Amino acid sequence: MGKAIAIFNQKGGVGKTTTNVNLSASLVKLGKKVLVIDNDPQGNSTSGLGVDKRSLEYSLYDALIDDVAPSKCIVATAYAGLDVLPSNVELAGAEIEMIDIENREGRLKKIINDVKDQYDYIFVDCPPSLGLLTINSLVAVDSVLIPIQCEYYALEGVSSLMNTFQLIKKGLNPTLDVEGVVLSMYDSRTNLATQVVEEVQKYFGDKVYATTIPKNVRLAEAPSFGMPVIEYDSRSKGAVSYMALAKEFVKKGRK
C-alpha cells in the first residue's frame, strides 16, 4: 500500500506546486509509481505535468462532489509511472457544495483509499488557505511535507501552520505526521538564507532535509512548457537538487 503525503503550507508562493511536480517526477526516475492529486483550484500541478486542464472529461471536482470513480478521473501523464488526478477552476466551487455533504471532511480520504494500493506515493497539492479542500487533504494523508522559502518572512507563518497541523491531528487524523521540511529558493551567497536554515532546523530538528532547492532559472521556466524540470533540463541545478531530494526522501521514509 502506498503512502499519501500532503504538500502543505498555508502561506502562498513557498514552492508547494514546484515541489509537488518535481519531487514526483524525480521519484518516478527512481522507479517509483506516483500519483499527484491536484487539490488546488488553480490547477498548476495539472498544467505543470503537461495536462490540459481546459479539456478534461473528469477532474477531482467530479470525484469529490459527484462520486465519479477515481479511475475515470485519473490521467496518465507523458512520463511513465506518473499519473495525475487533475483539477481546474470547477474545483473553486467544491468547498461551498461540500458543506451539505455527509462526511465532508473525509471525501478525499475515500478517493485515496480507493487507489492507494496502486501507487508507491500519492502527493496532494493543497491550496494556500485553510478551507474544506485543505482540511480534506490533511484528513486523507499519512503525513505532510512542508516547503519553506529561505526569505525574510519564511518563519512568520510556521507557528500558525503547526497549530493547524495539531488541530487536525487532535480532532480528525490522529496518526498525521510531519514527513519532512524542504527549504526552497536557497541562495548560499546570502547570510539571510543561512539564518533561515538555522532557524528552521532549530524548530523542526531532523525533519529538515539536508538537500536544499536553489533559486534556478530552469526551475522557473519549466512550468510554462508543461514539464518537470528533470525533463526540461536534467543537468540544471534545479533538476539535480530535486533528484537529490528524492533520494533523501526515500531513504528517510524507510526509517
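Everything that follows concerns the structure shown earlier in this document.
Residues numbered from 1 in each chain as written. Predicted model: local features only at pLDDT ≥ 70, side-chain atom pairs only at ≥ 80, totals over all residues. Heavy atoms only, no water.

All right, on to the overall build of the protein chain then. Across its full length, the protein chain holds 12 helices and 8 strands. Compactness check: the protein chain gives a C-alpha radius of gyration of 17 Å against a globular reference of 18 Å for 255 residues, within 12% of the reference. With the principal axes as the frame, the protein chain shows a C-alpha extent of 50 × 40 × 30 Å. When each of the 255 residues of the protein chain is scored for burial, the buried share is 53%. Within the protein chain, residue pairs in contact and separated by at least 24 positions form 79% of the contacts whose partners lie at least 6 positions apart. Averaging the coordinates of the 28 positive side-chain charges in the protein chain and doing the same for the 31 negative ones gives two points 8 Å apart. (Helix = DSSP H or I, 4+ residues; strand = E, 2+ residues; numbered from the N terminus. Rg over C-alpha atoms; globule rule 2.2 N^0.38 Å. Buried < 20%, exposed > 50% of the residue type's maximum accessible area, 1.4 Å probe, protein only. Contact = heavy atoms within 4.5 Å. Lys, Arg positive; Asp, Glu negative; His and termini not counted. Charge placed at Lys NZ, Arg CZ, Asp CG, Glu CD.)

It is a probe the size of a water molecule, rolled over the atoms, that shows where empty space is left. In this structure, the largest pocket encloses a volume near 410 Å³. Surrounding the largest pocket, 25 residues form its lining, Gly-13, Val-14, Gly-15, Lys-16 and Thr-18 being those nearest its centre. Secondary-structure elements contributing two or more residues to the lining of the largest pocket are helix 1 (16-29), strand 7 (177-186), strand 8 (208-214) and helix 10 (217-221). With 4 residues, the single largest contributor to the lining of the largest pocket is helix 1. Grouping the amino acids of the lining of the largest pocket by side-chain chemistry returns 10 nonpolar, 11 polar and 4 charged. (1 Å grid on protein atoms, 1.4 Å probe; cavity = no way out; pocket = protein on both sides within 12 Å on 5 of 7 lines; lining within 4 Å. Points joined across faces, edges and corners; volume = space filled by probe spheres on them. Nonpolar A, V, L, I, M, F, W, Y, C, P; charged D, E, K, R; others polar.)

Over its 14 residues, helix 9 (residues 191-204) extends 20 Å from the first C-alpha to the last, a length consistent with the 20 Å expected when each residue adds 1.5 Å. For helix 9, every residue scored as buried is listed here: Ala-193, Val-196, Val-197, Val-200 and Phe-204. Taken end-on, helix 9 shows its buried residues confined to a sector of 100°, consistent with a single buried face. For helix 9, exposure combined with an orientation more than 90 degrees from the buried face picks out Asn-191 and Lys-202. On its buried face, helix 9 is in contact with strand 6 (143-149), helix 8 (158-171), strand 7 and strand 8. Gly-205 occupies a position one or two residues after helix 9 and carries a positive phi of about 60°. (Expected span 1.5 Å × (residues − 1). Arc of directions from axis to C-beta.)

Read across the sheet, 8 strands follow the order 3-4-2-5-1-6-7-8 without closing on themselves; strand pairing throughout is mixed. The sheet is open, and its two edges are formed by strand 3 (75-76) and strand 8, each paired on a single side. By the bridge criterion, 5 bridges tie strand 2 (residues 34-38) to strand 5 (residues 121-125) in an arrangement that is parallel. From the neighbouring strand, Ile-37 faces strand 5, where its bridge partner is Val-124. Contacts from helix 1 reach strand 1 (3-7), strand 2, strand 4 (82-85), strand 5 and strand 6 within the one sheet, and its direction differs from that of strand 5 by about 165°. (Pairing = 2+ DSSP bridges. Axes fitted to C-alpha atoms, helices over the stretch in contact; angles between N-to-C directions.)

Along the chain, Thr-134 turns up in helix 7 (residues 132-140). Looking at Thr-134, the relative accessible area reads 0%, which means it is buried. Polar side-chain contacts of Thr-134 include one of 3.5 Å to the backbone oxygen of Pro-127. If we ignore the near neighbours within four places in the chain, the residues touching Thr-134 are Phe-8, Cys-126, Pro-127 and Ser-129. (Polar contact = N/O pair within 3.5 Å; in protein donor to acceptor, adjacent residues only side chain to side chain.)

Ranked by size, the top nonpolar core spans 52 residues in total, and within it Ile-37, Leu-108, Val-144, Ile-146, Ile-148 and Phe-204 carry the most contacts. With near-sequence residues (within four places) excluded, Leu-108 lies in contact with Ile-37, Asn-39, Leu-60, Leu-64, Val-124, Asn-136, Ser-137 and Ala-140. Counting residues in each nonpolar core, the second largest holds 32 residues, with Leu-27, Ala-239, Leu-245 and Val-250 among its members. (Core = buried A, V, L, I, M, F, W, Y, C linked by side-chain atoms within 4.5 Å.)

Within the element layout of this structure, Ile-168 appears in helix 8. Judged by relative accessible area, Ile-168 falls into the buried class, the value being 7%. Taking the C-alpha atoms as reference points, Ile-168 and Leu-138, 30 residues apart in sequence, are found 7.0 Å from one another. Dropping the residues within four chain positions of it, Ile-168 is found in contact with Ile-135, Leu-138, Val-139, Asn-173 and Leu-176.

Okay, the packing of helix 6 (residues 107-115) against helix 7 next. In the contact formed by helix 6 and helix 7, the axes pass within 7 Å of each other and the chain directions differ by 45°. By the angle between their axes, helix 6 is oblique relative to helix 7. Like other packed secondary-structure pairs, helix 6 and helix 7 cross with a definite hand, here right-handed. On the side of helix 6, the interface is formed by Arg-107, Leu-108, Lys-109 and Ile-112, while helix 7 contributes Asn-136, Ser-137, Val-139 and Ala-140. Within the contact of helix 6 with helix 7, the residues separate by chemical class into 4 nonpolar, 2 polar and 2 charged. (Parallel < 35°, antiparallel > 145°, perpendicular 65-115°, else oblique. Left-handed = near helix turned anticlockwise from the far one by under 90°.)

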